[in-house]
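# Examination of the molecular architecture
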Amino acid sequence: MSKIVMKFGGSSVATTEKIQHIATRINHEKVNGNDVVVVVSAMGKTTDNLLGLAMELSENPTKREMDTLLSTGEQITMALLAIQLNEIGFDTVSLTGWQANLQTDNVHRNARIENLDATRILDLLAENKIVVVAGFQGVSGEGDITTLGRGGSDTTAVAIAAAIEADICDIYTDVDGIYTSDPRFVQNARKLEQLEYDEMLELANLGAGVLHPRAVEFAKNYKIPLRVRSSYNEDVGTILKEEVDVENNLVVRGVAFEADIVRLTIEYEVPFNGSLASIFTTLAANHINVDIIVQSIVDGKKPTVSFSIKKESLAEAITVLESNKEALGFIFADFEVGLAKVSIVGSGMVSNPGVAAQMFDRLRKENIPVKMVSTSEIKVSVVVPQNDMIPAANALHDEFDLALV
Ligand code: ASP
Ligand code: MG
């Protein structure tokens, strides 16, 4: 007998028929003798629709009220699923985030889990009940409802898995696993049997939308075996673990990409100590997320710093920079829109020099200009013109033999 957490995403619970369908999958795990906790997302596009309703009333609703509003989506699903499971004969109890004692900080709309006292869930399991928990939500120290950021139900599932010491956490979705790249845009993208937490973390942060990055972080920290699989077939999906058995000797295991990147460049009259720190402190204080940073200080030239941000932050970034122009001491700021980021990820890069060189060489052959570069031990990202994003992803997928098994 195992303890398992099953998480179902919005598309898997979009209608009552789909809820009936997943109930049979839950039923299957339960009759096999497992203790089952289910975590659910809001039905279909519910979260987006709720956001839309709020926007009809206000351009800038308070984050506290938005959390109160958005958390209702998951609450509907949890109750409907519990009704269905009770209907087919399984004693089931649904819990909201706060009923499940999922405590977070008070950063509304993007709260972090601080503590999860699993006593109530464990007591219910001991009574042989199925427990259905609403994903994406918790309660702050002030007693207010919080949400964990878009896609945050994954994180609820992994946090519960850690707290109850589950044997596995299964993320059920509408794709049958993690792919080498997004199969909608990259021909020959292939499903991976296994992937390392660190690789998935990079991919999730680099735009692969399958899993919430914090869920992967949690799974890694608590060594929770995490599986991504389809709600609609029996495929085993992709399993995430610390180190993968050598499926093949690929150095690169995935290609991720993200559109709508902007590059800002700032020029100084004279370099002065701390200018870099003050710019980024000012941007951070205004919650502007900066990604790649390139500073260039060359004798005889005016110093510059370029950095990339998401397009949605551009207007705010410019306002912040302009209104702090004097304090920050820069003379000139410019930006370039219409850019995208393409990244290759693989833990084998640590011990294989030349991966970046091979990437640049292939992009050169494809006539794709590289505007910025950033690397970590297990990834290389380039910023390219947005029109070149999909061609670059396909070329790199091919260059690093990702279609092969
Ligand atoms: N319903 C929330 C969202 O759409 C959370 C989730 O589905 O994970 O972002
Ligand atoms: Mg999701």
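Below, the structure is looked at part by part. (Residues numbered from 1 in each chain as written. Chains lettered and ligands numbered in written order. Predicted model: local features only at pLDDT ≥ 70, side-chain atom pairs only at ≥ 80, totals over all residues. Heavy atoms only, no water.)

Another aspect to go through is the site of ligand 1. Taken together, the residues surrounding ligand 1 are Ser41, Ala42, Thr47, Glu74, Phe136, Arg150, Gly151, Gly152 and Ser153. Glutamate 74 places a polar side-chain atom, nitrogen or oxygen, 2.6 Å from a nitrogen atom of ligand 1. In this structure, glycine 152 approaches ligand 1 through a main-chain N or O atom, which is 3.4 Å from an oxygen atom. Tallied by class, residues from the shell around ligand 1 come to 2 nonpolar, 5 polar and 2 charged. (Near = heavy atom within 4 Å. Polar contact = N/O pair within 3.5 Å; in protein donor to acceptor, adjacent residues only side chain to side chain. Nonpolar A, V, L, I, M, F, W, Y, C, P; charged D, E, K, R; others polar.)

The next subject is the packing of aromatic side chains. Throughout the structure, instances matching the rule amount to 4 aromatic pairs. With 6.0 Å between their ring centres and 80° between their planes, phenylalanine 185 and phenylalanine 257 make a pair best called edge-to-face. In this pair, phenylalanine 185 is assigned in the loop between β9 (168–173) and β10 (194–196) and phenylalanine 257 in strand β13 (residues 254–268), connecting sequence segments 72 residues apart. Phenylalanine 257 gets classed as buried once you look at its relative accessible area, which sits at 13%. (Phe/Tyr/Trp six-rings, centres within 6.5 Å; stacked < 30°, edge-to-face > 60°. Helix = DSSP H or I, 4+ residues; strand = E, 2+ residues; numbered from the N terminus. Buried < 20%, exposed > 50% of the residue type's maximum accessible area, 1.4 Å probe, protein only.)

Judged by nonpolar contacts, the single largest core of 46 residues is most densely connected at Val5, Val37, Ile121, Ile160, Ile164, Cys169 and Met200. A per-element tally of this core places helix α5 (residues 153–163) first, with 6 residues. Those residues in contact with methionine 200 that sit more than four places away from it in its chain are Ile178, Leu195, Leu211, Val216 and Leu240. Val252, Met349, Val380 and Leu396 belong to the second-largest nonpolar core, a separate cluster that totals 23 residues. (Core = buried A, V, L, I, M, F, W, Y, C linked by side-chain atoms within 4.5 Å. Contact = heavy atoms within 4.5 Å.)

With respect to topology, 8 strands assemble into an open sheet ordered β3-β6-β2-β1-β9-β11-β12-β10, the strand pairing being mixed. Single-partner strands in this sheet number two, and they are β3 (92–95) and β10. Averaged over neighbouring strand pairs, the angle between their axes works out to 20° when direction is ignored. Its contacts with the sheet put helix α1 (residues 16–31) on β1 (3–8), β2 (35–40), β6 (130–134), β9 and β11 (226–230), and the angle it makes with β1 is roughly 175°. (Pairing = 2+ DSSP bridges. Axes fitted to C-alpha atoms, helices over the stretch in contact; angles between N-to-C directions.)

What follows concerns the pairing of strand β18 (residues 379–385). For β18, a buried count of 7 out of 7 residues is recorded, marking the element as mostly surrounded by other parts of the structure. Relative to β18, strand β16 (residues 330–345) is paired through 7 bridges, and the arrangement is antiparallel. Counted as the bridge partner of valine 342 is valine 382 from β18. Both strand β17 (residues 372–376) and β18 contribute to a ladder of 5 bridges, which runs antiparallel. Each bridged residue has a counterpart across the sheet, and for threonine 375 the counterpart in β18 is valine 380. Between β17 and the antiparallel strand that follows it, β18, lie 2 residues.

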